[in-house]
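For reference, the chains in residue letters:
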Amino acid sequence: MIKEMLENVRNTHPLIHNITNYVTVNDCANILLACGASPIMADDAGEAEEITGICGGLNINIGTLNQRTIPAMLAAGRRSNELGHPVVLDLVGAGASVLRTKTANELLNQIRFTVIRGNISEIKALVLGAGTTKGVDADMADSVTKENLLQAAEFARGFSQKTGAVVAVTGAIDIVADEAKAYCIFNGHPMMSRITGTGCQLSSLVAAYVTANPNKSLEATVAALCAMGVCGEKAYNRLTREDGNATYRNYIIDAVYRLDGEELERCARYEQVLG
Amino acid sequence: MIKEMLENVRNTHPLIHNITNYVTVNDCANILLACGASPIMADDAGEAEEITGICGGLNINIGTLNQRTIPAMLAAGRRSNELGHPVVLDLVGAGASVLRTKTANELLNQIRFTVIRGNISEIKALVLGAGTTKGVDADMADSVTKENLLQAAEFARGFSQKTGAVVAVTGAIDIVADEAKAYCIFNGHPMMSRITGTGCQLSSLVAAYVTANPNKSLEATVAALCAMGVCGEKAYNRLTREDGNATYRNYIIDAVYRLDGEELERCARYEQVLG
Amino acid sequence: MIKEMLENVRNTHPLIHNITNYVTVNDCANILLACGASPIMADDAGEAEEITGICGGLNINIGTLNQRTIPAMLAAGRRSNELGHPVVLDLVGAGASVLRTKTANELLNQIRFTVIRGNISEIKALVLGAGTTKGVDADMADSVTKENLLQAAEFARGFSQKTGAVVAVTGAIDIVADEAKAYCIFNGHPMMSRITGTGCQLSSLVAAYVTANPNKSLEATVAALCAMGVCGEKAYNRLTREDGNATYRNYIIDAVYRLDGEELERCARYEQVLG
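Along every chain, residues carry numbers that run from 1 in the direction the sequence is written. Here the convention is simple: chains get letters from A, ligands get numbers from 1, in the order in which they are written. For a predicted model such as this one, the threshold for reporting local features is a pLDDT of at least 70, and the threshold for listing and counting side-chain atom pairs is 80 or more; totals across whole chains, interfaces and linings nevertheless cover every residue.

How would you sum up the overall build of chain A? Please name residues and give values.
Helix and strand content of chain A: 11 helices and 9 strands. What the globule rule says is 2.2 Å times the number of residues to the power 0.38, and the radius of gyration is computed from C-alpha atoms. For chain A, whose C-alpha radius of gyration is 17 Å, the value lies close to the compact-globule estimate of 19 Å for 275 residues. In terms of overall dimensions, chain A has a C-alpha envelope of 45 × 45 × 35 Å along the principal axes. Residues classed as buried in chain A amount to 64% of the 275 residues present. In this text, helices come from DSSP runs of H or I with a minimum length of four residues, and strands from runs of E with a minimum of two, each type numbered from the N-terminal end. Any residue with 12 or fewer other C-beta atoms within 10 Å of its own C-beta is exposed, any with 20 or more is buried, and the rest are partly exposed; the C-beta atoms used are placed from the backbone.

Structural data, given as structure tokens:
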């Protein structure tokens, strides 16, 4: 199933509207081009709805959010919902400030998301509320391991049931859940966390995959996460003893550029854990 | 003629003020340093005029324009005109939203540009008006080919006559026209379109070339486009089977860093088609 | 002494809040990850204080400052002072516009900085006042050479006495001074000035080093400057005849990723010149 998801991106060249942070925006644009999609970045409320209208999908990322861009996120999201476009939310830093948590909640209240991506801490910040450090799930560890895999999958599925979105919890092991099922993805390399923006890039990639694969958001998200992980592995294998995270960053995007469906199918390591 | 244009950049180190989008701004700065110029980025209306005053040329790029930066573009442009500095306009996304088209038109009304760069669709959006999909030129294809080359050159020359600026229509084949003459440039590689910001980088490069070659804006623009295209070819030839658009991006800037006048003269492929 | 400074960064993983320009922000984030620290970028006044509160140190960089980010700089700086966190100021472009010089002075008046970094011109702009081109030090050359080394070191020490901050004057030869002592650092390569943002990256690195080495700000700053210089030398030695400033940029960050304490100690070239 994974193979076709990638090929649909390459064949349909979805145009993705990104309202994203200025730290990793260039890498987000280049990874979209690498996978066969096209990026447009536009974050002013004066054009956000119109730009969304000419695109196939929307990716909202709350890193470096500000008073000027928040209204653009809301306007573009609502317009995408009207048009039936897929919308991805990247929760960068939710829980780190009231502004981020509040904005994330406002986005969740006003917009129907197709996919929500974050690490376990970011998603917990939303589920449990800002400032809440106790609660039923509060004792769950801040990383997904083989030991707490099922618990984390149930947590993700629960958040999917609450939001109606596919939920992607990324980390050493990734989890992707909808309201019924959950998958684990084992691809990737620890060094990916030493590059800024691999998460942001992944959300852009997810937006391309779900846009090119309508009505298959769960499978498309699994495919995008496998693709990123496989590319992280391939890129790591190219590194010499002198290379570090800057070259690694480039090689991951290069690997996305070169990845084809056959290789993705062959190298993807995932399994269904719930549903 | 091309050779000297490059050498004048290397010998005079023009300082270029860029008001540009946050997606590709780092690459714009690095390509300016690569060619021998120096960049300053400053987009707040509170300093835009003053920064322009200490520079030799100005590059305005409307990608990710916003309510805060538009007044800075207008102020810096007017100040550059007063000082007799060359001003380049990059039309990123003109036609994609009313805000971009309106801002581009406002810039054209208030500022005298030395060079205007865009792809054929962006320039058509301005010539034909936002929302206008019919008209004398509306049947022109959205890419320049060997078949419609003369028509496209006439179109560019017409826009030059209207604006007084050298017009650079970039694509698989580039066209550079002033009010009398037009050139075609055949350098470049299709993979350049798979990198974000090669157009933005080119506009920065053009700003450096026209600043270092006063009263030779047409020739300087032709030289800058040839330089970018030659570097796109050289960089492509370095790529291995594992490299993709991220490494290609770096190699193009590297090639600009290494390019000298002799090589540019030898590898440039252009011809005069009008005038 | 240098060795431990680096190792303390690798062992404590300081989290650094950066309010920095959008030109080089990605490189600042990646160099922080490369050295073993973690970056957070947040520049909206609505969250600046809170983000600073969860970090160990703060790095304020006035490149591409604007009306929206200046209040965030002031708020985050004051909060860091309350919390006793180290705060680094990067003077990018001080002297180039009234807005930058005025903002730099306002920051210096309201915030107690741990380290101030700039080139000699930027620091002179603050010491001598905007628009002042005469004065006791005005005849000092705009670059530090072997001939004016002592004069420059005294100038830096004087600025440290005035501000209470460690002062890092960077250039072909770097100077680091506190109120009593001054060091010169001879590491680095001239080609580093052909990359945008090596100065910005250095300030991020300094923030990581001073945060990981409390009460040793002078030594930690010397260590960070040596580290950057050593990496500039190592990265230069990897370049082929086809590589330029883009590849060089990546290799410097790669070298920071690979650098260990032993190598830093062995390759650092610095000496005490005052105190």
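Would you mind going over the interface of chain C and chain A in detail, with residue names and values included?
Whether two residues are in contact depends on their C-beta atoms, placed from the backbone: they are in contact if these lie within 7 Å. Counting from both sides, the interface comprises 26 residues of chain C and, opposite them, 24 residues of chain A. Looking at the side of chain C that touches chain A, the elements that each hand over two or more residues are helix H2 (25-35), strand E2 (38-41), helix H3 (48-54) and helix H10 (245-258) of chain C. With 7 residues, H10(C) is the largest single contributor of residues to the side of chain C that touches chain A. Put simply, Ala, Val, Leu, Ile, Met, Phe, Trp, Tyr, Cys and Pro go in the nonpolar bin, Asp, Glu, Lys and Arg in the charged bin, and everything else, Gly too, in the polar bin. Its residues assigned to classes, the side of chain C that touches chain A comprises 14 nonpolar, 4 polar and 8 charged.

Explain the interface of chain A and chain B to me, using residue names and the numbers behind them.
Across the contact, 26 residues belong to chain A and 24 residues belong to chain B. Elements that contribute at least two residues to the side of chain A that touches chain B include exactly helix H2 (25-35), strand E2 (38-41), helix H3 (48-54) and helix H10 (245-258) of chain A. When residues in the side of chain A that touches chain B are grouped by element, the largest group, 7 residues, is from H10(A). The residue inventory of the side of chain A that touches chain B, partitioned by class, reads 14 nonpolar, 4 polar and 8 charged.

Outline the relation of the copies chain C and chain A, listing residues and values.
Superposition of the two copies of the chain requires a rotation about an axis and a shift along the axis. We superpose the copies by least squares over the C-alpha atoms of residues that have a pLDDT of at least 70 in both of them. If you rotate chain C by 120° and push it 0.0 Å along the axis, it lands on chain A with an RMSD of 0.0 Å. Overall, the copies show the geometry of a three-fold rotation axis. The position closest to the rotation axis in chain C is occupied by the C-alpha of C:Tyr22, lying 3.6 Å away. Little of the interface of chain C is mirrored in chain A, where only 12% of its interface residues are also at the interface.

Just give me the short version of the relation of the copies chain A and chain B, but keep the residues and values in it.
When chain A is fitted onto chain B, the two copies agree to an RMSD of 0.0 Å after a turn of 120° and an axial shift of 0.0 Å. The fraction of interface residues of chain A whose copies in chain B are also interface residues is only 12%, indicating that the copies meet through different surfaces.

Quick rundown of the sheet that holds E2(A)? Include the residues and the values.
Residues and elements named next belong to chain A. Here we have 9 strands laid out as an open sheet, ordered E2-E1-E3-E4-E5-E6-E7-E8-E9, and mixed in their pairing. In this open sheet, the two strands that pair with only one neighbour each are E2 and strand E9 (270-274). Put simply, the sheet's adjacent strands are angled 20° from each other on average, direction ignored. Here 4 bridges tie strand E1 (residues 15-19) to E2, and the two strands are oriented parallel to one another. Bridged to histidine 17 within E2 is isoleucine 40. In the packing of H2 onto the sheet, the strands contacted are E1 and E2, and the crossing angle to E2 comes to about 150°. DSSP bridges decide pairing: two strands pair if at least two such bridges lie between them. Geometry is summarised by axes, namely lines fitted to C-alpha atoms with helices restricted to the contacting stretch, and by angles between N-to-C directions that run from 0 to 180 degrees.

Account for unusual backbone geometry, naming residues and giving values.
Residues and elements named next belong to chain C. Although it is not a glycine, histidine 13 adopts a positive phi angle of roughly 45°. Its place among the elements puts histidine 13 in the loop between helix H1 (2-12) and strand E1 (15-19). Classification of histidine 13 as partly exposed rests on a count of 14 C-beta atoms within 10 Å. Located in the positive-phi region is threonine 64, a residue other than glycine, with phi close to 45°. Locating threonine 64 in the fold gives a position in the loop between strand E3 (57-61) and helix H4 (69-83). Judged by local crowding, threonine 64 falls into the buried class, with 23 C-beta atoms found within 10 Å.

Summarise the nonpolar core; cite the residues concerned and give the values.
Each nonpolar core reported here comprises buried Ala, Val, Leu, Ile, Met, Phe, Trp, Tyr and Cys residues connected via C-beta atoms within 7 Å. Of all hydrophobic cores here, the largest spans 308 residues; its most connected members are A:Ala227, B:Ala227 and C:Ala227. Non-local contacts of C:Ala227, meaning those with residues more than four positions away in its chain, are made with C:Leu6, C:Leu205, C:Val256, C:Leu259 and C:Leu264.

Pulling in residues and values, what's your account of the packing of H2(A) against helix H8 (residues 198-212) of chain A?
Residue and element names in this part refer to chain A. As a packed pair, H2 and H8 sit with axes 9 Å apart at the nearest point and diverge in direction by 40°. In terms of their interaxial angle, H2 and H8 are classed as oblique. Taken as a pair, H2 and H8 cross one another with a handedness that is right-handed. Taken together, the residues of H8 that come into contact with H2 (itself represented by Asp27, Cys28, Ile31, Leu32 and Cys35) are Cys200, Gln201, Ser204, Leu205 and Ala208. Taken together, the residues of the contact of H2 with H8 break down into 7 nonpolar, 2 polar and 1 charged. Any angle that falls under 35 degrees is termed roughly parallel, while one over 145 is termed roughly antiparallel, one within 65 to 115 roughly perpendicular, and all others oblique. By convention the crossing between two helices is left-handed if the near helix lies anticlockwise of the far one by an angle smaller than a right angle, and right-handed if it lies clockwise.

I'd like a rundown of the sheet that holds E2(C), residues and numbers included.
All names here are of chain C. The sheet built from 9 strands is open, its strands ordered E2-E1-E3-E4-E5-E6-E7-E8-E9 with mixed pairing. Taken across any chain shown, the strands that pair with only one partner, and hence form the sheet edges, are E2 and strand E9 (270-274). Strand-to-strand twist of the sheet, defined as the mean angle between neighbouring strand axes without regard to direction, takes the value 20°. Across 4 bridges, strand E5 (residues 115-118) lies against strand E6 (residues 166-169) in parallel orientation. Looking at E6, one finds that glycine 118 is bridged to valine 169.

Give me the lowdown on the confidence of the model for chain A, citing residues and values where you can.
The predictor attaches a confidence to each residue, and that confidence, scored 0 to 100, is pLDDT. Taken as a whole, chain A shows an average pLDDT of 94; of its residues, 96% reach a score of 70 or greater. Taken together, the chains of this predicted complex give a pTM of 0.96 and an interface ipTM of 0.95.

Can you lay out H4(C) for me, pointing to particular residues and giving the numbers?
All names here are of chain C. With 15 residues, H4 extends 21 Å between its outermost C-alpha atoms, agreeing within 8% with the 21 Å of an ideal straight helix rising 1.5 Å per residue. Looking at the packing, one finds that the buried side of H4 touches E1, H3, E3, strand E4 (87-90) and helix H5 (98-110). Positive phi shows up at glycine 84, right after H4, with a value of about 75°. Any helix carries an expected span of 1.5 Å times its number of residues minus one.

Give me the lowdown on the packing of helix H1 (residues 2-12) of chain B against helix H8 (residues 198-212) of chain B, citing residues and values where you can.
Residue and element names in this part refer to chain B. Two numbers describe how H1 lies on H8: the axes approach to 8 Å, and their chain directions differ by 85°. It follows from the interaxial angle that H1 and H8 lie roughly perpendicular. From H1, Met5, Asn8, Val9 and Thr12 reach across to H8, where they touch Ala208, Tyr209 and Ala212.

Give a description of the environment of C:Asn26 that names residues and reports values.
Tracing the backbone through its elements, the reader meets C:Asn26 in helix H2. Expressed as a C-alpha distance, the spacing of C:Asn26 and C:Gln201, which sit 175 residues apart in the sequence, is 9.4 Å. Not counting chain neighbours up to four residues away, the residues in contact with C:Asn26 comprise A:Val23, A:Thr24, A:Asn26, A:Thr196 and B:Asn26.

So, the environment of B:Gly57: which residues are in play, and what are the values?
Residue and element names in this part refer to chain B. Along the chain, glycine 57 turns up in strand E3 (residues 57-61). Given 27 C-beta atoms within 10 Å, glycine 57 falls into the buried group. Sequence-wise, glycine 57 and lysine 124 are 67 residues apart; in three dimensions their C-alpha atoms are separated by 26 Å. Apart from residues no more than four positions distant in its own chain, glycine 57 is found in contact with Pro14, Ile16, His85, Pro86, Ala207, Val210 and Thr211.

So, H1(B): which residues are in play, and what are the values?
Residues and elements named next belong to chain B. When H1 is considered as a whole, its buried residues turn out to be Ile2, Met5, Leu6, Asn8 and Val9. Looking straight down H1, one finds that the buried residues subtend no more than 155° of arc, so they occupy a single side. Each element contacted by the buried residues of H1 is listed here: helix H2 (25-35), H8, helix H9 (217-238) and helix H11 (261-267). Downstream of H1 by a residue or two, histidine 13 has a phi angle that is positive, lying close to 45°. Regarding the arc, it is the one traced by the directions from the helix axis to the C-beta atoms.

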